[in-house]
Amino acid sequence: MKVLKFGGSSIGSAANIKKVVAIVGNSDGARRILVFSAMQGITDKLIESGNRAAIGGRSYIQSIQSIREQHLQTIQTLFSDAVPDDLIRYVQSELSELESVCEGVYRVRELSGRTLDRILSFGELLSSNIIASLLSTNGLNVEWLDSRKIIKTDQNYGFAAIDFTETNKRIGESVNNSKAAILVLPGFIGCTADDSTTTLGRGGSDYTASIIAAAVGADSLEIWTDVDGMMTADPRLVRKARHIARITYREALELSHFGAKVIYPPTIQPVMAKGIPLWIRNTFASGNEGTLIEAESSTAEGIIRGITSIDNIAMLSLEGSGMVGIPGFSRRLFDALSRSQINVILITQSSSEHSICVAVDDKHSALAKQVVDREFENEIAVGKIDPLRTESGLSILALVGDNMKSHTGVSGRMFSTLGHNGINISAIAQGSSERNISAAIRSSDVRKAVNVLHEEFFSDGNKQINLFIAGVGNVGRKLLEQIRTQNEQISEALRLNLRIIGIANSKRRLISADGLELTTAVDNLNSSEALSIEPFIDKIVELNLRNTIFVDLTASPDVVETYPTLLRKSVSVIACNKIAASSNYGRYKFFKDLAREYNSNFLYETNVGAGLPVINTLNDLIRSGDRVNRIEAVLSGTLNFVFNNYDGSRNFAEVVRQAQDEGYTEPDPRLDLSGTDVARKILILAREAGYRLEMPDIENTGFLPESCLAGSVDDFYFELNRHEYHFRKMFDEARNSDKFLKYIASLKEGTASVGLEQIGPEHNFANLSGKDNAVLFYTNRYADQPLVIKGAGAGADVTAAGVFADIIRAAR
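Everything in this summary refers to the structure shown in the same document. All values derive from a computational prediction rather than experimental measurement. (Residues numbered from 1 in each chain as written. Predicted model: local features only at pLDDT ≥ 70, side-chain atom pairs only at ≥ 80, totals over all residues. Heavy atoms only, no water.)

### A word on helix H29 (residues 796–811)
For step 1, the next point in the chain: Taking 1.5 Å per residue, 16 residues should reach 22 Å; H29 reaches 22 Å between its end C-alpha atoms and fits that length.
For step 2, the next point in the chain: Taken residue by residue, H29 has Ala796, Thr799, Ala800, Gly802, Val803, Phe804, Asp806, Ile807, Ile808, Ala810 and Ala811 as its buried positions.
For step 3, the next point in the chain: Tucked inside the fold, the buried residues of H29 contact strand S17 (463–470), helix H15 (474–494), strand S18 (496–504), strand S20 (548–552), strand S21 (572–575) and strand S22 (602–603). (Helix = DSSP H or I, 4+ residues; strand = E, 2+ residues; numbered from the N terminus. Expected span 1.5 Å × (residues − 1). Buried < 20%, exposed > 50% of the residue type's maximum accessible area, 1.4 Å probe, protein only. Contact = heavy atoms within 4.5 Å.)

### Concerning the sheet that holds S21
For step 1, the next point in the chain: In spatial order, the strands read S19-S18-S17-S20-S21-S22; together these 6 strands make up an open sheet with mixed pairing. If you trace the sheet from one side to the other, it starts and ends with strand S19 (509–511) and S22, each paired once.
For step 2, the next point in the chain: Where S21 and S22 come together, 2 bridges link them in parallel fashion. Across the sheet, Val573 pairs through a bridge with Phe602, a residue of S22.
For step 3, the next point in the chain: The strands that H15 touches are S17, S18 and S20; relative to S18, the one it contacts most, it runs at about 160°. (Pairing = 2+ DSSP bridges. Axes fitted to C-alpha atoms, helices over the stretch in contact; angles between N-to-C directions.)

### With respect to the packing of aromatic side chains
For step 1, the next point in the chain: For the structure shown, the criterion picks out 21 aromatic pairs.
For step 2, the next point in the chain: Here Phe590 and Phe591 contribute two aromatic rings whose centre-to-centre distance is 6.0 Å and whose plane-to-plane angle is 45°, an arrangement assigned as tilted.
For step 3, the next point in the chain: Overall, Phe591 belongs to the buried group, its relative accessible area being 0%.
For step 4, the next point in the chain: Judged by centre distance (5.9 Å) and plane angle (45°), the rings of Phe643 and Phe652 are tilted.
For step 5, the next point in the chain: The exposure class of Phe643 is buried, given its relative accessible area of 11%.
For step 6, the next point in the chain: Through a chain of ring-to-ring contacts, three or more aromatic side chains come together here, namely Phe643, Tyr646, Phe652, Phe703, Phe727, Phe731 and Tyr743.
For step 7, the next point in the chain: The ring of Trp279 is capped by Arg281, whose NZ or CZ atom sits 6.0 Å from the centre of that ring.
For step 8, the next point in the chain: Over the face of the ring belonging to Tyr717 we find Arg657, whose NZ or CZ atom lies 3.7 Å from the ring centre. (Phe/Tyr/Trp six-rings, centres within 6.5 Å; stacked < 30°, edge-to-face > 60°. Lys NZ or Arg CZ within 6 Å of the ring centre and 35° of its normal.)

### Concerning the nonpolar core
For step 1, the next point in the chain: Judged by nonpolar contacts, the single largest core of 80 residues is most densely connected at Phe550, Tyr563, Phe652, Ile682, Phe703 and Leu720.
For step 2, the next point in the chain: Top contributing element to this core by residue count: helix H26 (residues 676–688), with 7 residues.
For step 3, the next point in the chain: Dropping the residues within four chain positions of it, Ile682 is found in contact with Ile631, Leu635, Ile698, Ala745, Ser746, Leu747, Ala752 and Val754.
For step 4, the next point in the chain: Counting residues in each nonpolar core, the second largest holds 48 residues, with Val24, Phe36, Val105 and Ile182 among its members. (Core = buried A, V, L, I, M, F, W, Y, C linked by side-chain atoms within 4.5 Å.)

Set out below in C-alpha cells:
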C-alpha cells in the first residue's frame, strides 16, 4: 500500500489536477491512499473571509464568491462532458455552510480558534471531493473518507495534537473495512472527541498523510509538490544549489527544523518510527527521481548534506556574576519563557556560567524581556544579574549532515569561511550528535553566508570572485581585456571564476549584480548614471557579495578615503593608487591593521615597479627572517626611458612627450620628473623593510629648473623647451666622462634618497634599457651579491598584469 499526498500547487488549477490524475493512474497497481490539500490560494481566501466577517463588514461575501467561482470553474473544466449532480450538490452545500459560519462570525464580531478551524476545513473538503469524483468518473474504484472521522485530536485549535491511540485504531478499521482500490481523504483537518473540527498546523496535510502511512504500515509515503525534492540550500539564495537524491530521517529533521520548507518536522516523525520510506516528488516533473528520506542513506557523498537558515530571530542574553555556581537560573529562565508560550530555538551557555544565550522568534522578544525581567526582578534589583539583553535582526544558519561526526575540522572550515567574508557570529551551538552546527548571524548577511558555505562544501572547487574596479583608463582597459581573455584559463587552472560586478570612473558608475559584459562595459559606463565614488562604495556594501575585491586604478585621494569602509566589510583592496601606502606612516599602518583585523587583503604590488614582484619578494625576505641592509633601485620606467632615449639629437621635451604619449608617465609628468613618484616608491619599500619613514625624510635631489614645476602641464612643456640647454649640459657632462644618467633611489640603514646620478659602464644599472626598472636587495643572506629584480617598470600592459596578479593573490 502507498500513501500519496498532493499539495495546493499540485492541484492549483484544472490543468494541474489532470497531471495528478495521470500520476495516480500510472501507479503500479498497489492500493493507494490519496491525501489532498486545499487548492492553491483557497486557504488564504478562507482566512480572509473569516477576518472580514469578524471586523463587521459584509465584504466576506465577496471572498466566498471568489472561492465559489474558483471551484466551479475548475469543475466545469475537469468534467467537460457532464458534471456529476452529487458533486455539484455537495460543493454548493459546503459553500452555503461556509457562508452561514461566516454570517455567524459577522453577527457576534468574533472569530474564535474553533470557528476559524471550521472555516479552514472547507478548502480540503472541497478539493478532495472534486478529485475523488473525477477519479471515479475515470473508471477507478474510489472511496472518499472524511479525515475528521479518523483523525482524533485535542482542542488546541490551529495546532491540534493527535490522539494516536484512537487515531491509529480508527484508521486501521476504516482502511480494512473499505473495498476501494483508492481511498481519498482531505488533509490538514481532524476532530475532537465532541466532533469539533480542528486543524493540524503548518504542513498539516503532509502530517495527515504521514499519520495514515504509519497507521497502515504503508510501503511508502510520497509527498507530491512543485519542486524536485530537497536541495543542498535554498535555490532562491544559491543559484547552484544541488538536488539531494537520498537523505536520512535525522538529517531531514534537522533541515526541516531550520527552515527547509519542502517538508515539516511533524511529517517525518510518524514514518521514521515505522521505518517507512518517504519520497518528495515533483508533480510537474513526475519523471524526475525526487528525494528519498530513509533510515540510513545508501549514499554518503560529502560531509555536509545541506545548509539552511531561519530568519527573524532575536537573541536573549541573561548575564551576571550572581549566576556563577548557583543552580536553578537556567531552569527559571526556561520556565518563564515556557509559561508565556515562547519557544526556544537555540541555546548556548558559557563555561564560566556568567551568561546564558537563547534564540527565540523575533516577534516574541519584547514579551520575553518582560517576563524574564519580572522573573528575576529581585536579582536585578540587587545587581546579581543584569536586565535581559535582546538583539534583533538575526538569523540562524545551520550546517547539517550525518557525516560530520566522522570528520574533523568541519566547524573550523565553517567559521573560517564566514570570517574571511566579514560575517560576524553572535552565538554558536552544536549538539552532541555532531549532526548540526548552528550559528546566529545578522540577517543582512544570510545570502552571503549561505553562498560562501555552499561554495566551500558543495562546489566543484570553483570559487566565485566579485570584482569592483575604480578607474578604467589605459590600465583599467588593459586589465578588463586580460581578465576577459584569461578567465577560462584561470577557471581551469586555479578554480577561480572572476566576475566584474561594477566599474567606475571619476564621474560615472556601472553595476550589475549578475556581472558585466566585458566587451561593452566601458562603452556602457560612458552612458551610465553620473555619480561620485561614494555611491559606488555604498552599493558594494549594500550588495554584500561573497569574496569581493575592490581595485583602485585611480590616483584619487577621495578613493583612498573609502578604503576603511571596504576593509571593515572584509572587502579586499588592490591599490595601484600610491597615496595610501605613501601617506603618513600612521595612515599606512592603519590600513594594514584594518586588513589584518577584518581578514581582508590590502595589496599594492604595482605601487613599485608596475608588474615586477618587488614588494612581494621583499615581504618574503622579511617573513623568512632575513634583514634588509640596503636597497638600490631604478624605480621610474619613465625616467629610465627618458634618459635612455635622450641623446642630444632631439629636445628633452620631445622625449618626455613621447614617454607620456606611450603611457609611461603619470597624468602629470612632473610627478615623475620631479622625483616625487620615485620618492614615494622608495618610501614604500623602506616601510615594507621595517623602517618608519615619512616623505620629508626622503632626500630628493632634483634636476629640473624650478620654473618647470610651476603652472600647468602645458607650461611645463614650454619651460622644458626653454631650458633645453640645461638638459643638454647634463647629458654632455656624463657623455664626456663615459658615464650614463640614471635616476637612482637608495635606502641604507633607514636613510633614503633619490636623485639623478652619473654611473659608469660597470654599474649594475648601466645596461638598463627602455623603460626597465631594477631593484637590488642587499640583505644578511644577500650581503655580497644582491638579489636582483629587473624588468619593464612602466606601461599599461605590465601594470595591469601586476594588478591582475594581486587579484589572484587576494582571491586565493
